[in-house]
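Chain by chain, the residues:
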Amino acid sequence: MATSSAAKYAFLMMMMEDIMLVYRAETHLLVQRYMTARSNSAKRKILDHAIRFSLLKKIPDQMKHLDRLVKLSNADCIANLRMDTNTFGKLCQILSQRGGLITGKSLPVEEQVAIFLGVLAHHNKNRVVKFRFRRSGATVSYYMQKVLCALLSLHDVLLKKPTPVTAECADNRWRWFEGCLGALDGTHIDVLVSNEDKPRYRTRKGHVATNTLAVCDRQMQFVYLLPGWEGSAADSRVLKDAVSKEDGFKVPQGCYYLCDNGYANSNGFLTPYRGVRYHLKEWGPGADTPQNPKELFNMRHTKARNIIERAFAVLKMRWGILRSASYYPIRTQIRLIMACFLLHNFIRREMATDPIELELDGDHTLHTTEEEHVAREYIDYVEPSPEWTQMRDAIAMNMWNSR
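Below is a summary of the structure that appears in this document. (Residues numbered from 1 in each chain as written. Predicted model: local features only at pLDDT ≥ 70, side-chain atom pairs only at ≥ 80, totals over all residues. Heavy atoms only, no water.)

Considering all chains together, one arrives at 14 salt bridges under this definition. Of the charged contacts, one joins Glu230 and Arg200 as a salt bridge, the two residues approaching to 2.4 Å between their closest N and O atoms. Taken as a pair, Glu230 in strand β3 (residues 222-230) and Arg200 in helix α10 (residues 198-201) lie far apart in primary sequence, 30 residues in all. Where Asp354 meets Arg318, a salt bridge forms, and the shortest distance between an N and an O atom there is 2.5 Å. Pair noted here: Asp354 is in the loop between α13 (330-350) and α14 (355-358) and Arg318 is in helix α12 (residues 293-318), with a separation of 36 residues, a long-range link. (Salt bridge = Lys/Arg side-chain N within 4 Å of Asp/Glu carboxyl O. Helix = DSSP H or I, 4+ residues; strand = E, 2+ residues; numbered from the N terminus.)

Shown next as structure tokens:
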């Protein structure tokens, strides 16, 4: 405990040293401007500005706020930044060492990241953040972009590499789906667009939103995402675009993902039977047990595919900015959506217990694995095929015969 306390105060001393170095540079610049001023009036303006807006005058309030950030308990840190103190420290470290984030003008990396996470977690407006952190609105906007760029540069590191279900799988939800990598689906996230673009982004429910394709593995970590499509776009159209891209969504031959009937039952994508009860509420308490192989297949399919629905639920519960449209330009809104997905993965990896998931009903304890599936050939089209229909029938009969 003493070591932890000493480390916190050492951190504060380092921040104070950084601030004083910046203050020295600011003072040197003001002296140069004063010496090169051409009139007494210009000199008076420089002195007046130095007195009124000196960095030194801001230090007490800013240091108090930094001290509060460092001394946050895990509960306070989770409530404000959506992660515990240990995870927050690791995030700052990886953004600094691998994302290129550096200490700015009197703003340490920790404060930059705290500003960014606060906006995502609570959808705070610029005026709220600048008041809370004792910074200007321009400073808040500048460092929001800096942290966002640093985080997105780590997408290859933060996106999970999926592993297929093996014949030895003991998880009853997944053992029927050998070769399965996870589940995929689309989710609509409200965005703010210009009036002329609203018809394209309007969903069937009337919301102005972007259709985001997301793919997750069995540990509820995202392995691929494609945000930015208009809300009016069909899920199957978005998937076809993702698969056809040269650097897009890659499904190894022989493997597949579970998806709903919004997609085609095709190579790499296994859908349930149409016209047969499917949704979890149809298999709840009091419901009849499966009466044939198709019903049994659909019941087990939906229980496994529910992992993507849980992932979306946790994601939107964690990040308030995903629950309502933000006032950033549409390109920035899309980039912020991507950042939320990446941070979700980082938190799932670093926090042993995810308190957001515990708020959902049911106990779905998940275990991670570091194995990586390697394949040379990938699926590059999405079209229904008789072979895939036969494979689905074979899985259904295997389930029925193994009861």
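Turning our attention to the sheet that holds strand β2 (residues 209-216). Taken together, 5 strands build an open sheet; the order of strands is β3-β2-β1-β5-β6 and the sheet is mixed. The open sheet has two edge strands, β3 and β6 (269-270), and neither has a second partner. For strand β1 (residues 180-190) and strand β5 (residues 256-258), the ladder comprises 3 bridges, and the chain directions are parallel. Within β5, the position partnered with Cys180 by the bridge is Tyr256. Here helix α11 (residues 235-244) sits on the sheet in contact with β1, β2, β3 and β6, set at roughly 120 degrees to β3. Seen against the sheet, α13 touches β1, β2 and β3 and runs at an angle of roughly 165 degrees to β3. (Pairing = 2+ DSSP bridges. Contact = heavy atoms within 4.5 Å. Axes fitted to C-alpha atoms, helices over the stretch in contact; angles between N-to-C directions.)

For the pair helix α6 (residues 109-122) and helix α8 (residues 137-152), interaxial distance at closest approach is 9 Å and the crossing angle is 90 degrees. Taken together, the axes of α6 and α8 lie roughly perpendicular to each other. On α8, the residues touching Gln112, Val113, Ile115, Phe116 and Val119 of α6 are Val140, Tyr143, Met144, Val147, Leu148 and Leu151. Tallied by class, residues from the contact of α6 with α8 come to 10 nonpolar, 1 polar and no charged. (Parallel < 35°, antiparallel > 145°, perpendicular 65-115°, else oblique. Nonpolar A, V, L, I, M, F, W, Y, C, P; charged D, E, K, R; others polar.)

What follows deals with the packing of aromatic side chains. In the structure shown here, the tally under the stated rule is 9 aromatic pairs. Aromatic side chains Phe222 and Phe341 sit 4.6 Å apart centroid to centroid with 70 degrees between the ring planes, which places their arrangement in the edge-to-face category. Of this pair, Phe222 sits in strand β3 while Phe341 sits in helix α13, and the two are 119 residues apart along the sequence. Both rings, one in Tyr256 and one in Trp388, keep their centres 6.0 Å apart while their planes meet at 80 degrees; by these two values the pair is edge-to-face. Of this pair, Tyr256 sits in strand β5 while Trp388 sits in helix α15 (residues 386-401), placing them 132 residues apart in sequence. Judged by relative accessible area, Tyr256 falls into the buried class, the value being 2%. For Trp388, a relative accessible area of 10% translates into the label buried. A connected cluster of aromatic rings, assembled from ring pairs, spans Tyr224, Phe249, Tyr257 and Phe269. (Phe/Tyr/Trp six-rings, centres within 6.5 Å; stacked < 30°, edge-to-face > 60°. Buried < 20%, exposed > 50% of the residue type's maximum accessible area, 1.4 Å probe, protein only.)

Turning to the side chain of Arg318, a few remarks are in order. Classification of Arg318 by relative accessible area gives buried; the value is 0%. Apart from the residues within four sequence positions on either side, Arg318 is in contact with Arg82, Ala121, Arg323, His344, Ile347, Asp354 and Ile356.

A few words on α15. Given a rise of 1.5 Å per residue, 16 residues ought to cover 22 Å, and the 22 Å separating the end C-alpha atoms of α15 matches this to within 8%. All of the buried residues along α15 are Trp388, Arg392, Ile395, Ala396, Met399 and Trp400. Down the axis of α15, the smallest arc covering the buried residues is 135 degrees, so these residues share one side. The exposed residues of α15 that point more than 90 degrees off its buried face are Pro386, Glu387, Gln390 and Asn401. As for α15, its buried residues are in contact with β5, β6 and α12. (Expected span 1.5 Å × (residues − 1). Arc of directions from axis to C-beta.)

Quick look at unusual backbone geometry now. Excluding glycine, residues mostly carry a negative phi; peptide bonds, for their part, are mostly trans. A positive phi is found at His123, a non-glycine position, where the angle reads about 50 degrees. Inspection of the secondary structure assignment puts His123 in the loop between α6 and α7 (126-133). We classify His123 as buried; its relative accessible area is 11%. The phi dihedral of Arg134 falls on the positive side, at around 60 degrees, and the residue is not glycine. Following the sequence through the fold, Arg134 ends up in the loop between α7 and α8. Under the relative-accessibility criterion, Arg134 is labelled partly exposed at 42%.

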